[in-house]
Each structure stands twice: as structure tokens, then as C-alpha cells.
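Notes for the structure review
Given next are the chains, with one letter for each unit.
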Amino acid sequence: MAGADAVPLLEVEGLDVTFDTLGGPVHAVRGADWSVRQGETLVVLGESGSGKSVSLHAVAGLLPANGHTAGRVRFQGRDVLGLRGAQLRRFCAENYGMVFQDPMSSLDPSFTVGDQIAEILRVHRGASAKDAWQRAMDLLSVVRIDDPARRAKQYPHELSGGMRQRVMIAMAIALDPPLFLADEPTTALDTSVRGAVLETMIELRDRLSMGVVLITHDIGVAAAVADRVAVMYAGRVVEYGTAEQVLHQPGHPYTAALLGSLPRLRRLRSTLTAIPGAPPNAARLPAGCSFHPRCRFATDRCAEELPVLQLSGAGQVAACHWTERLSADGDLGYWRAGGDPLVDARPGDAEQPFVAVENLVKEYPLGSGRKGRVLRAVDDVSFTIPKGTTLGLVGESGSGKSTTAMIMSGLLAPTSGRVVIGGVDIARLSGKAMRDVRRDLQVVFQDPYSSMDPRMTIGQIVDEPLLVHKRGSKAQRRGRVTELLDLVGLDGDYAGRFPHQLSGGQAQRVAIARALALEPALMVLDEPVAALDLSIQAQILNLLRDLQARLGLTYLFIGHDLAAVAYISDRVAVMSSGKIVELDRVDAIYQRPAAAYTRQLLDAVLDPETDLGRYRDRPTTRKEASCVPSAPVTP
Amino acid sequence: MSPKTEVLGRFRALKVSALVGVVALLATACGSSNGDKKAEADSSPGAAGANIVVGVGAINPDLDAFSATSPPRSFYAYPVWSLLTRVDTLGEGAKVVPGVAESWTRVNDLTWQFVLRKDLKFANGEPVDAAAVVYSTKFMLDPKNEASIRGKLGIIKQVEAVDDNTIRFTMSAPEAILPRLLGAMPIVPPKEHARVGAKAFNVKPIGTGAFMVEKFVPGKELVLVPNPNSGQGKALPASITFKAIPEDAARVAALRAGDVDIITKVPIDGIKPLESGAFTLYDAVEPRTYVVDLFTDSGPLTDVRVRRAIAQSLDLDALVQGVMGGKGQVGQGQLAPSFMSGYCKDVTRYPYDLAAANKLMAEAGVSGLKLKFQTSQGFILNDTLLAQAIGEMVNKLDAVESVEIAPMEFSNYLDVYYNRTERADFFAWGMSSSPFVDASVQLERLVSGYPQHNIGYSNPKYDEWFGKLRSAEEGTPERQQAFCELSKIYKEDVPSVAVMTMPDVWASSDKIRGFKVDQAGNPAWELITKVTG
Amino acid sequence: MAKLLRQRLLQLVLVILGLSSLVFFLVRISGDPASAIAGADADPETLAAIRSNLGLNEPVLVQYVRFLGDLLVLDFGDSYQYRSDAMALVLDRFPASALLTIIAMLIAVGLGVPAGVLGAVHRDGLLGRAVNGLAILGQSVPNFVLGLVLIMIFAVSLGWLPSFGGDGAMSLILPAVTLAAFICARQMRLVQAYTLEELSKGYVRTANSLGYSTRRIRYRHILRNVTVPMLSLVGLELGQFIAGSVVIESVFSWPGLGRLMVESVTARDYPVLQAGVFVIGVLVVLINFIVDLLYQVVDPRLKAQLVTR
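None of the values given here were measured: they were computed from a predicted structure.

1. Considering the overall build of chain A
Each helix and strand counted, chain A has 24 helices and 22 strands in total. The C-alpha radius of gyration of chain A comes to 26 Å, within 12% of the 26 Å expected for a compact globule of 635 residues. Across the 635 residues in chain A, those meeting the buried criterion constitute 57%. A sequence separation of at least 24 residues applies to 70% of the contacts in chain A between residues at least 6 apart. Carbon and sulfur atoms form 51% of the exposed surface of chain A, whose accessible area is close to 25400 Å². Between the mean site of the 70 positive side-chain charges and the mean site of the 72 negative ones, chain A shows a separation of 5 Å.

Pasting the structure below:
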């Protein structure tokens, strides 16, 4: 554990990062301040575009050529920003271990993981091939990979996501760096392995006495591992303090709003208090406090005067003019209770299901052999969805939930089984009959941009289904487009814009508007909020709930985040290895999970209120604690 | 006769004139660097025993003399093979001179007797005797052996040895110029030929020519060395090496680079740059007439006035100057060029007169003609350019609305030639009389029922005069009269237009002496010497 | 592995059978080879004799069945033009084309790959622009113009190299360089594009964070990953150019397969065409097979697939 009086390992003071772009300089980081001490974990929390990753890259010398830095970064008292070229490369390699978001792409696909670890030692330590290989295997066992001798000879694609990230960690600590930098290390991982990877990181921090800087957008992760938290917004640190201070007694309205946007299993009965609007573009920041246009407590002063970080508690600082007053009034605690209670009077006539899926199977042949080895992606799945309700389908990657969604949307033919929608079995349909059913059945995907023609305006995109199905005159259709955009909370002005001019949340709203154009009865929502920032995710979830209430829509909502799925669903089906392991009402699933797998998923959900310091404080006690490394860590 | 055609030569189709332009430009640009200056009239004599390298457009797949009558095939084969007689066109006129036969007499209208030289032996030791001639003639006459000279010598009905050195040929029809036609008749050593078979023999032929085959890589390279048993006198060079360089510009470059001593088929646009350097150019002429067939049995060209009008619309002087750089001979209204036996001074071509031509067309009552012009591409020197130029001239006629030029891929072109596919209004081709260099060979093609490339033209008067020509012996006034009458009818009826006689431009380094090309288009390889040092 | 081999063998048989049949019927539609053999003035009897000698008088289907029978024993008959074994003729020309192509390919890969990587790395710099410019120049200057310009410079003006090919290593240089220039230009562009793609990948960032030298990142990590897509290109071009580059073979009087094939088309030399198509078909399938095998070596993801098959 960190000693409070330890000397800072890394000090970042007034860090500015500017990128030269064709559209002029973009000021991505504006005077960020934070520091980390030996043995301590600092979490930098923020949404996309907040400058959290850029500041980390600036510290690690990984900025692209068009990035410029100003301010001060000192590592063990030594200036970092002044270093260049080979000197910088050497310095960073020796002092920082780095782990990135996507371990698959972060590893070279053409070399075995053993080679990749050994290469570090050969390059920087001049180790012999044999020694380097031996040390690589030691490192693999240090990061708790079983059978390192075998794994070392495998290529990245042969390992699971969690193992790949462990390999990345092994590479990061290969040179015994004093500082460990992790950029969204668990974002690409399934929730069930997330905890174990975080634990390993914290365990290594203690064993190697490293300082850790962890960048994340996930409040749960921040709560579970952080000693201290820096919250960034629009290139600035807006709040800084211990994890308890920041995440339980936030001093900045933004931090409080983020907490309010987080779907939490304990608060399923009340709406999310979403943050309106979208994070500003770094090139066009609003005057005064960058957050004021979205802030429920904003005043005229906020629009004019830039707040500086002020002490709000013991060592806790926040950049808000009104922290003191808001804290005193307890106004910032609204997130704990959640928003308005949810109306729960939905007609759930299970006797008359609108959608009935029976014994659905989808098999893929493995290889081209005649021996009939097949992969059962969907294995005898059955469920029903009553009209006007939502079934949530939750599972990890490879569970078969997306395949189920594809079959449900008529994009993929099942190997066997029935998919009855409104009395018609779509699995047996083709041609014109299929097109008729399509109209009643719309799909919204995870990435809204890829489903839009970049050369069409938003108006044209939303109009296209109307045009294709000949719904009304030109003028009528124009009116309908405005109506649809209004329905998803977009101004009519958006009709003239192009997809690339929209934020992720706005684009997803357009995708939903387009899906609604033909007044479908069923919407298949395939991870519609997975790519969105927390504050936007809450908006979309609320929008979907609202639309359902107003239009009587039936949803199949697919997701990997149990809390988010639970928030929007009436009933939840938990999928694993192609099978539904449990299907029940949301409250039942949460309160009385029957399947072990469901319990495991529930356990992996991190709630900032209850899971604060969960991995930080118990570094060696959970799932893999029995595995003792076989080799000493330091040579 | 027209050759078993040189397939490789067609690679000139790849040539783009812009390319030659680029090379010409470069040639001038880098001209001075290797002393490419016009040599001071160097008159030092050449020495024998030189190794001469010749860059040619193509090397034949084989050296079969039974099918190689015109250049370039003939100029690889004839220096090696034994021929019964030879047509000597090196000097003035085209005289028939002794080959294997030293003398001949006409026994009657249908029978000729030949006496052979007694001293001749093939390089393998076999005697060149009557048996060899009988064997060779019978071989040639059997259609199975695919000898294309059978088309000319098929009139021979019977061949018999009178004694070891005397041969008698009996024909199915009178042919006064049989000795000349036998200038294409190869004589092979019967034992060797029968033993190895024609296929193998044609790759390494044995004859009594001035040269022997030292090395032959079909399609690639041929090396000739002097034949010690030559019946033609001793050859001066120590060796002649032929190298195939299909691309015109590349061949010119090879000469300039000194990699070859002599090149054939200098492209018209390559002449100028060579003239300004240390090279000698030889303006030879091939006995090949560029002919445009006009006679058809249907369509507007059935009217002789239309054909005459077309003949009058052609400014042949301008054409030869513009497309051929003035090389070659302008056609004279008859198929024979002036150097050929059978040329008739009294026949002249229609003068270029557009007004008269338009009048003729008006008389014929035609207008708005849309004509089509079939031409080979890359088979005859500048063939597509010639076709285009002619098309433009014809297009100037008021009655002609358009002339579409249709360049054809060679095998399709041959199909039209053999009347297997439909011929258009114009069909251009090269009519060769090699190696005979006698107008009768060309005039025969318009006789009714002529088997190859019959354009359907038929005139009883013409056939009658051709009969007289056939029986009239060479050098007699009767023969000359028949020539002139035939050419007059040709001019009158305009079955085709004899546009020009094709140039055959060679070039050598200025170190080469004694290089001469005869009127049949075959160089006298045996006379070449080279200045040493 | 055995499975892959079986698949390829089957593919080979199908390719050869399909191609040969196609060529068989196409050339027979195109016209009569007898006139191409006899030339312009053979008499009708001779032409008929030629046709009967070649067995062209029989019904096409009978000819086809005979052809298939001969194909089984790899007998393509004699060339109509050369009167010698067609396959021998093709195999005689083949090494010249193969040698030229392989040398050109080595030059092209040796220059094009590093140039492409440099071009990508210095995309906005002088070097990147230079690579781009060269690549565009190399692709837009026609082969024969480049060839003739090289002849004018190195054979005519400087006299260093022979102006036409066919004998000796020296005569290989100019045609190989000309062909290489063309291949190289394309490879530079592709390597540049692939490298740009790789540069944005995570493992490059990882390598940077590990303090590896730029050279190591470029030539050990990026290049290895670029090799995968490059392999198929190189394989494709090898097949294409070993089958002959008619233009280059003509300009440099290089006695290769391409020219032989074009000659044979013009002369309707069916046996040589069939033999040539056979050799080229086998070659292309073989090169594809080798490329597939090499894929397994350079791309571990594919190796895994192969093992499971």
C-alpha cells in the first residue's frame, strides 16, 4: 500500500498537449496536473476526448509527430518532456511498463508471445536467446499464466483475451520498471476476466513496488483499484482526490453526473440521471467552465469564468465555482438515489407472446473435413417476448448472443428451430414475404457510423426506408423525417448534416430514428450502447425506454454489461456457450440468481458504492490466489 | 511467289511509331558520344574471313527451301541449298543462270531437258546427279510433303533421268519459263534426306550452296560457315551469324551499339538517324507489289468506272513520299516494277486527277458510298499507315462518304486471302514474285479460276493472252507483246491497283564492304568483307 | 498438409482440363492452321494434304477425344511451325522467361519493399514523395519505352551492355531491370499502403513503448506483417511474368515463352499453344501452392487453420 508521505514518482504539472491538424491546432490537454507515488494507484477517469489517454501518451513519449507538449513532467525528479529520440525511447522503456486497451492488436500477430517477451530482454539487456526465453517463461508465470512453457510458444491469436492482456503485463514488467502505465487495460475484456487481470496488476504493483497510473472510463474499475482518482473533462483535471473522496463525495458536478449515469443493479427502479448534451470538441471548447452547458447547477458565472482547482476536502480538489456551496447543501449526492422512479406497469402477457423462439440452433462447420465437426454457436435456445416488453440477452463474447440477434433480425438462417414473430416463422421465409416481415422488424447495431452511407445527409438516411417502401409524397416524407428526428431528441437542423459531423450518441439516435421510420413492432438492439460514453449511454437507454412506453415497441436488447441490460429489460436471459443458462424477471435474476454463471456475472459487476477498493485492498485473496508464482520476480 | 510467311516478322505489329520517334530523338541526343559521325569517305578495302553478325526481324522455325521462296526465308535457305537453276538479279535484268543444271533445252512445248554439272557433290559426299533431281522433284510433287512451291511447279507431270546427268521434265501445260521457275527447285541428297526425314533435314540442310549450317536454333539464331564443296564459289566471310531482333527500334539500336554489323528492315523513321552516323544504307527493293484489290462481284465496285475513279483519286507519288519516305517504287499502272522482266513501257498509270475521278463516279451514278478497307497489320512494312493514307485519298471523292479501315490479325487476314471469309471493297496485300522476278508470276493471278486468292475477276481476252505468254519463250518479241497486252487489259479493267513496289532497306556499319542485295531481296552473303582495325 | 496437397492436385487437374479444353475449342473456332503453315500461295492440294496430315479433317469431337487421350500421356504433338515436339519447344523457351522473371522479381522485391516501407514511414516527407513519384513514373512509363531508352543509354551511348539478349549474364541485365522497374513500382505502392496500415496498429505502439529502435520496428515487426499480403502479389506476378512478358521479350529479343505463345497464336500453332497453356497452368497452380505454404510460415494464424484441417 502507498505511503501517503512517499516522494512522487511521476509529477505532471500544467501539461499541455496540442496537435497540429489541417483544421488548425487542437488543444487536447490543457494544463493537467496529477502525480503518482511509489506503490500507489492513480486512476485517471474520463470519457472519450477528455485527454486522459493523450496525457498518458505524452508522458510515455508516444505522441505522434504532430503532437506538441508544454508544461512539466518529472520522473523521479528528472525532466521527461525534454528527452528526444533514442534517449527518450531508452528512458521510457526502462522506467515505464505499458499496457494498452486491446491486447490482440497490441501484440505482434507474427511472433510467439515468448519471442515477444524475450525480444525485450535481448534488446535492452543483451540477454542470450536461452536466458531471454527462460526469463520470458518466468514472467509468464509471474502474471499467472499456467503452463508457461507451452503458452510461450503460442501466437497471440491462440490465447484468450485475458491471457493476452497478461502477456502484455508480462512484457510491461520485463525490465522491472518503477512505473506501470495502463491505458484502458480491461475495456476490451469480458467482465468475468476483468477482475482477475486487475488483481494481478495490483498484486504486481505491491510485489515490485511500482507506481501505477491506470486510465479508464469505467467508474467501477476506478473504484475497485484506485488509491487516488483524477477526473478529466475536456483536457483538464476537474477533480482530484482519494478514491473515497472523489467517488463517494464528489466535489465536482461532472463527477456526480457521471455517477448518476451509471446503471446500477441496486438502483434498477429509478431512471438514470443522464447528462444532457455531449462532451465538447477539443477544437471548440465553450467559454468559462467547459462543463457548464451540460451542468444542472450552472450559473452565468460558469459561462464566463474558468474555475481553477480548489481544495474542497482533505487533499481533495475540484475545479468548480460552487463546490463549497453544493457540498454544503448536499446537492451533489443526488446520484445515490437515482432519478425518478420507473413506471412499472407494462403489459406482460406471457401467454400471448409476440416473439417466440423455439429450439433455435445455429451450427458452423469447423474446417472443411467431412468428419462433421461443428461449432454450435447457438445451442437449442428458446424464449418468448410478450408484446411491448423487453427481453435482455446478456452474455460474454462467444456466448452466441450476437448470432441469436442476427437470426432474429433475419440476417442469418438458423440450422434448425423456429423464430415466430407476430405469428410468422421468419426462419422459413425468403424473398417478398421476408421483406414484408423486415418492415416490422428493425435492427440497431453497435456502430452506428458503419451502417450509414457517409455521403448521405442525415435527412436522406432517415428518409431512405420511407422512399424505398414508398411511404407518402416528398413533402409528407420530409415532415415524417423531422418528426422522427424529434422523437429521438434531435433538432430538425440535423437533417442537413452528414454522419461524420455527429457525435457517437447523435449517430446512434439517427440509427434509432431510421429504425423507427417504418413503425416496426420489434426492434433488435445489438449492443446499441456498448461503444458510447457513459453519459451518452444513459441518454440512449432512457430514450429507448421512453420510446417503448410511447410506441408500445417490443425489444430484444443484447448486451454484455449486466447492469445496463438489467436497467432496460423486463426479463433477462443469460447466455453462455450458446445456451441460455437462466431466464427470469430482472429482480429475480438480481436477487435470487439460480445459475452459477449468473452469480459469477453478478459478482463481476463493479458498483462504485459497494465495490470501492475491492481489488486494491484484497490483492491476493480471490479467484486465482492459490496460484503461487514458481520463480522469483526480480533477478 | 509469296512466301511461307515469316510469322516472327509480324512482331512489328507491336511497334508504335511514337516509340521509334523517341528512339530517333535519343539517337540524335546521344549521337556524338560514341563517335557516331559520318565517316570520312573511307575507301579502305575490306578483308575476307570476317565474322559477320546480321540482325534480322525473325529467324525461321526451319530452313525448308521447298517452302521458302521469298525473303526473309529465302535468304537463310538459298545460300545453303542446291537449286536446279538460279535467277541472277544481282546485276541488271533478271537472268536465269546455271545452278545444279548447267544447260537446258526445250524439247517441245511440254518437255524440257536439263544437263547437270558433273563436278558437284553434296557436303556429305553424295553425288549431285539425275537420281537426286528425280528424288527431289517427286518429293516436291507429293502433296503430303507440304511443299508450297508445288503451287508454282505443279505443272510438272513427270520427271525422268535420261542418263546420270540428264533430266527430262514433262509438263501438263506449256510453260516457256520452266528454267526460271526451277530457280526455286531445291535438290536434296536422296540418301541423307530419306534417312533423316524431311523434318530433320530442314533443320540442318545439306546442299551445294556457298555456305553450310554451323548452328541453327529455330526461331533464335543461325550461323553459316563457308561450304568447302561449294558449287557457287568460295564465300568470303568466315561466318555469318543471324540474330533475331524482332523490334525495329531495337534492331537499329543493336547496329548503333555495334552488336551487329548488318540489319534488315530498317524502319522508315529509323533511316534518317542512321544516315547521319557512321553507317551505310542500302535502298533495296523487294519484288513485292503492294496491291489493293478492287474487283468484287457485288457492291459499287462491280462498275469499272468506279474502280477507275478510285485509281485516279490516288496520288501515288505523294503516298510513297509521305508514308515510305520516298523509298520503294511508285506503281506504274501494271503489276511489274520497272526492273522486272515483263515490264511494259507502253503502259502508264492513270494520272492523279480528282476532277476526272469525280466525273467518272457521277457517270456511274453512285454517291454516298461507305467503303471498307481490309489490311494486315505489321505484316507488310507500314501496312496500316498505307491503308489509312489510301483511305483518306479515296475519301476525297465526292461520292464517297466514308472509308472504314479494318486492320486484321494475321490468321484472320489469311482467311480473307484464301476467300474463306468475306472480302471487303478494298483488300490490300503484298504480291511477291520472288525468286523468279518475272511479271508472269504476278499476271497469272488474274487468270480465271486461279486457285489461290481468286478475286473473281474473269476476262476471256486476258486468259487468251496469258496462254500465249506461257508458250512464248523468254526474250522473244511475242512474249513481250503478250506482257504488254495483259498489262493493258489490267489497266483497262482495274481489277486492282498496283500501288507500289516495297522498299527493302538494309543498313550496315561503314566497315562492311561488298554487301549487295539482289532484286529478289536476297543479299549475296558470300561477297561480304569487312575493314579490319 | 496432405489434404492441402490433395486439394491442389485436384485443382491442378481441373485447371489444366478446363484451360486446355477452352484453348482447344477457341483456336479451332479461330480458323484454319493449314494456310498459316503453308503460307499465302500453296495450292489447294497441298493445303488439303496439310490438313489431313494434322488430322484436322476429322470431326472436332473426334479430335477432342484424341487430344484428351494425348493429354493423359502429356503428348502435345509437334509444333506446326517448328515441326518439332511442342512441349520440348515450350520447355526450351521456359527457362529464359523464368530466369528473367526471377531476377527481375529479386531486384523488384529488394528495392521495392524497403522503398515502400520508407515511403510509408516518411509519407509526408521528401522521401515519401519521392517514392510516390517513382512508383507513378514506373507504372506509367510503358515497358518498351523504358526498355529502348535503357538500350540507347547503356548499349548505344555507353556501350557497357549488349543491346539484345539471349546469351550471357550481361544480356540479362537490361531486360531484367526493365521488367523489375515495372514490378517494383507496383510493389512500392502496395508495400507503402500496407505499411501505412500496419503503422497504425497497436503492436507498433507497443514496440515504441518498449523502446525498440525505429529500424527494428520497421524491418522486424512491420515488414513481417506486410509480407503476408505481399506474398500473394509476388506469387501472382511471378506466374504472370514467367508466362512471358511479350513486350519485354520483343524489345530485348529475349527468346522467352511469351513471344513463342503470341507467335503461336498468330500462326495457329495449336500444339504449342496447348503445351504452353499446360505449362503455364501447372506453373500458376504450383506457385499458388508454394505461396500457400509460405503463408503458413509467415502467418501463424493460417498455420493454426492448417493444423485443424
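2. Concerning the nonpolar core
Core analysis: the largest hydrophobic core is formed by 302 residues, its most contacted members being Trp 34 and Tyr 96 of chain A together with Tyr 290 of chain B. Here Tyr 96 of chain A is in contact with Leu 10, Val 59, Ala 60, Phe 75, Val 80, Phe 91, Pro 177, Leu 179 and Leu 181 of chain A, once residues within four sequence places are set aside. Core analysis: the next-biggest nonpolar cluster, separate from the first, contains 72 residues, Val 80, Phe 216, Phe 436 and Trp 506 of chain B among them.

3. Comments concerning the confidence of the model for chain A
Confidence along chain A averages 85 in pLDDT terms, with 94% of residues attaining 70 or more. Scored below 50 in pLDDT, residues 619-635 of chain A makes 35 contacts in the model with residues more than four places away or belonging to other chains.

4. Thoughts on the interface of chain C and chain A
On the side of chain A, 24 residues touch chain C, which itself brings 25 residues to the contact. Taking both sides of the interface into account, the surface hidden between chain C and chain A amounts to around 2400 Å²; carbon and sulfur atoms contribute 55%. For the interface between chain C and chain A, the tally reads 2 salt bridges. One salt bridge connects Glu 119 of chain A with Arg 216 of chain C, and the closest N-O pair in it is separated by 2.5 Å.

5. A closer look at the UniProt feature "domain: ABC transporter" (unreviewed entry) in chain A
Mapped onto this numbering, the UniProt entry gives "domain: ABC transporter" (unreviewed entry) at residues 12-259 and 355-602 of chain A. End C-alpha to end C-alpha, residues 12-259 of chain A measures 26 Å, and it is 42% helix and 27% strand.

6. Quick notes on the packing of helix 17 (residues 458-468) of chain A against helix 18 (residues 474-487) of chain A
The relative placement of two packed helices is expressed as an angle between their axes plus a distance between the axes. Residues and elements named next belong to chain A. With their axes 9 Å apart at the nearest point, helix 17 and helix 18 run at an angle of 115° to one another. The two elements helix 17 and helix 18 meet at a crossing, and its hand is right-handed. Here Ile 458, Gly 459, Val 462, Asp 463, Leu 466 and Leu 467 of helix 17 lie close against helix 18, whose contacting residues are Arg 477, Arg 480, Val 481, Leu 484 and Leu 485. Across the contact of helix 17 with helix 18, the residue classes tally to 7 nonpolar, 1 polar and 3 charged.

7. Here's the deal with the arrangement of the chains
Taking contact number as the criterion, the leading pair out of 2 pairs of chains in contact is chains B and C. Spatially, chain A is disjoint from chain B: no contact exists, and the shortest C-alpha separation is 43 Å.

8. What to know about the domain arrangement of chain A
Residue and element names in this part refer to chain A. With domains assigned, chain A is organised as domain 1 (8-232) and domain 2 (249-342). The interface is formed by 8 residues belonging to domain 1 together with 10 residues belonging to domain 2. Summing both partners gives a buried area of about 860 Å² for domain 1 against domain 2, and 68% of it is carried by carbon and sulfur. Seen at the junction of domain 1 and domain 2, the total is 0 salt bridges. Viewed at the interface, domain 2 and domain 1 are joined by 1 residue pair in polar contact (both at pLDDT 80 or more). Breaking the side of domain 1 that touches domain 2 down by element, the ones donating at least two residues are strand 2 (24-37) and strand 9 (228-233). Per-element accounting of the side of domain 1 that touches domain 2 gives the leading share, 4 residues, to strand 2. Looking at the side of domain 1 that touches domain 2 residue by residue, the classes come out as 5 nonpolar, 1 polar and 2 charged.

9. Quick notes on the state of the cysteines
Cysteine pairs can be linked by a disulfide, which is a covalent bond between their two sulfur atoms. Residues and elements named next belong to chain B. Within the structure shown, the criterion is met by 1 disulfide over all chains. In this model Cys 344 forms its disulfide with Cys 484; the gap between the sulfur atoms is 2.0 Å. Residues Cys 344 and Cys 484 share a disulfide whose torsion about the S-S bond is about 110°; that sign makes it right-handed. With Cys 344 in the loop between strand 15 (329-330) and helix 11 (354-364) and Cys 484 in helix 16 (residues 477-493), this pair connects stretches of sequence that are 140 residues apart.

10. Thoughts on the pattern of salt bridges
Residues and elements named next belong to chain A. One pass over the structure, following the stated rule, counts 68 salt bridges over all chains. With a shortest N-O distance of 3.0 Å, Glu 13 and Arg 72 are connected by a salt bridge. Note that Glu 13 is positioned in strand 1 (residues 8-21) and Arg 72 in strand 4 (residues 67-75), a separation of 59 residues in sequence. Salt-bridge contacts for Arg 266 lead to Glu 609; the nearest nitrogen and oxygen are separated by 3.9 Å. Of this pair, Arg 266 sits in the loop between helix 11 (253-261) and helix 12 (300-304) while Glu 609 sits in the loop between helix 23 (596-604) and helix 24 (614-617), and the two are 343 residues apart along the sequence. Owing to a relative accessible area of 17%, Glu 609 belongs among the buried residues under this scheme. One salt-bridge network, held together by shared partners, links Arg 205, Asp 206, Asp 227, Glu 244 and Arg 616.

11. Section: the side chain of Ser 509 of chain B
Considering the arrangement of structural elements, one finds Ser 509 of chain B in strand 19 (residues 496-509). Leave out the neighbours within four places in its chain, and Ser 509 of chain B touches Leu 255, Asp 261, Ala 278, Phe 279 and Thr 280 of chain B.

12. Quick notes on the UniProt feature "domain: Solute-binding protein family" (unreviewed entry) in chain B
As annotated by UniProt and renumbered to match this structure, "domain: Solute-binding protein family" (unreviewed entry) occupies residues 95-433 of chain B. As annotated, residues 95-433 of chain B has a helix share of 29% and a strand share of 28%, and its two end C-alpha atoms lie 14 Å apart.

13. Brief notes about the domain arrangement of chain B
Residues and elements named next belong to chain B. Under the domain assignment, chain B is made up of domain 1 (3-58 + 209-285 + 504-530), domain 2 (81-201) and domain 3 (287-502). Each side of the interface is counted separately: domain 1 has 13 residues, and domain 2 has 11 residues. Summing both partners gives a buried area of about 920 Å² for domain 1 against domain 2, and 46% of it is carried by carbon and sulfur. Summed over the three residues of domain 1 that lose the most area to domain 2, namely Asn 229, Gln 232 and Gln 519, the buried surface amounts to 43% of that side. Here domain 1 and domain 2 share 5 residue pairs in polar contact (both at pLDDT 80 or more) between them.

14. Let's talk about the pairing of strand 19 (residues 522-526) of chain A
Residues and elements named next belong to chain A. Taken across its 5 residues, strand 19 has 5 buried, putting it largely inside the fold. Of the two faces of strand 19, both are covered, the one formed by Leu 522, Val 524 and Asp 526 as well as the one formed by Met 523 and Leu 525. Bridge count between strand 18 (residues 441-444) and strand 19: 4 bridges; the pairing is parallel. Opposite Val 444, over in strand 19, you have Leu 525 as the bridge partner. Sheet topology note: the strand 19/strand 20 (residues 554-559) ladder contains 5 bridges and is parallel. The partner of Asp 526 across the bridge, within strand 20, is Ile 558. As a crossover connection, the stretch from strand 19 through helix 20 (residues 534-551) into strand 20 is right-handed.

15. Re the packing of aromatic side chains
For the structure on display, the rule yields 37 aromatic pairs over all chains. Geometrically, the ring pair formed by Phe 154 of chain C and Trp 160 of chain C is tilted, given 6.1 Å between the ring centres and 45° between the ring planes. Residue class for Trp 160 of chain C comes out exposed when judged on its relative accessible area of 57%. By way of ring pairs, the aromatic residues Phe 75, Tyr 76, Phe 242, Tyr 282, Trp 506, Phe 515 and Trp 525 of chain B are connected into one cluster. Above the ring of Trp 465 of chain B, the side-chain terminus of Lys 468 of chain B is found at 4.1 Å from the ring centroid. The residue whose ring lies beneath Lys 491 of chain B is Tyr 350 of chain B, and the NZ or CZ to ring-centre distance is 5.1 Å.

16. Observations concerning the sheet that holds strand 1 of chain A
Residue and element names in this part refer to chain A. With antiparallel pairing, 4 strands are arranged side by side in an open sheet as 2-1-4-5. Whereas interior strands pair on both sides, the edge strands pair on one side only; in this sheet they are strand 2 and strand 5 (78-79). Pairing analysis gives 11 bridges linking strand 1 to strand 2, with the strands arranged antiparallel. Residue pairing in the sheet places Thr 21 in a bridge with Gly 24 of strand 2. Against the sheet, helix 1 (residues 52-59) touches strand 1, strand 2 and strand 4, its axis set at about 110° to strand 1.

17. Quick look at the confidence of the model for chain B
All names here are of chain B. The predicted model of chain B averages 86 in pLDDT, with 92% of residues at 70 or higher. Every residue in residues 1-25 is under pLDDT 50, and counting partners more than four places away or in other chains gives 93 contacts. Predicted confidence is poor over residues 27-41, with pLDDT under 50, and the contacts of this stretch with residues over four places away or in other chains come to 26 contacts. What the predictor reports for the complex is a pTM of 0.74 with an ipTM of 0.79.

What counts as what
Residues numbered from 1 in each chain as written. Chains lettered and ligands numbered in written order. Predicted model: local features only at pLDDT ≥ 70, side-chain atom pairs only at ≥ 80, totals over all residues. Heavy atoms only, no water. Helix = DSSP H or I, 4+ residues; strand = E, 2+ residues; numbered from the N terminus. Rg over C-alpha atoms; globule rule 2.2 N^0.38 Å. Buried < 20%, exposed > 50% of the residue type's maximum accessible area, 1.4 Å probe, protein only. Contact = heavy atoms within 4.5 Å. Areas by Shrake-Rupley, 256 points an atom, 1.4 Å probe, with all protein chains shown as cover. Lys, Arg positive; Asp, Glu negative; His and termini not counted. Charge placed at Lys NZ, Arg CZ, Asp CG, Glu CD. Core = buried A, V, L, I, M, F, W, Y, C linked by side-chain atoms within 4.5 Å. pLDDT = per-residue confidence, 0-100. Buried area = accessible area lost by both parts, 1.4 Å probe. Salt bridge = Lys/Arg side-chain N within 4 Å of Asp/Glu carboxyl O. UniProt positions renumbered as here; feature names shortened; annotations may be inferred. Axes fitted to C-alpha atoms, helices over the stretch in contact; angles between N-to-C directions. Left-handed = near helix turned anticlockwise from the far one by under 90°. Nonpolar A, V, L, I, M, F, W, Y, C, P; charged D, E, K, R; others polar. Domains from an automatic or database assignment. Polar contact = N/O pair within 3.5 Å; in protein donor to acceptor, adjacent residues only side chain to side chain. Disulfide = S-S within 2.5 Å. Pairing = 2+ DSSP bridges. Right-handed = clockwise from strand over helix to strand, strands pointing away. Phe/Tyr/Trp six-rings, centres within 6.5 Å; stacked < 30°, edge-to-face > 60°. Lys NZ or Arg CZ within 6 Å of the ring centre and 35° of its normal.

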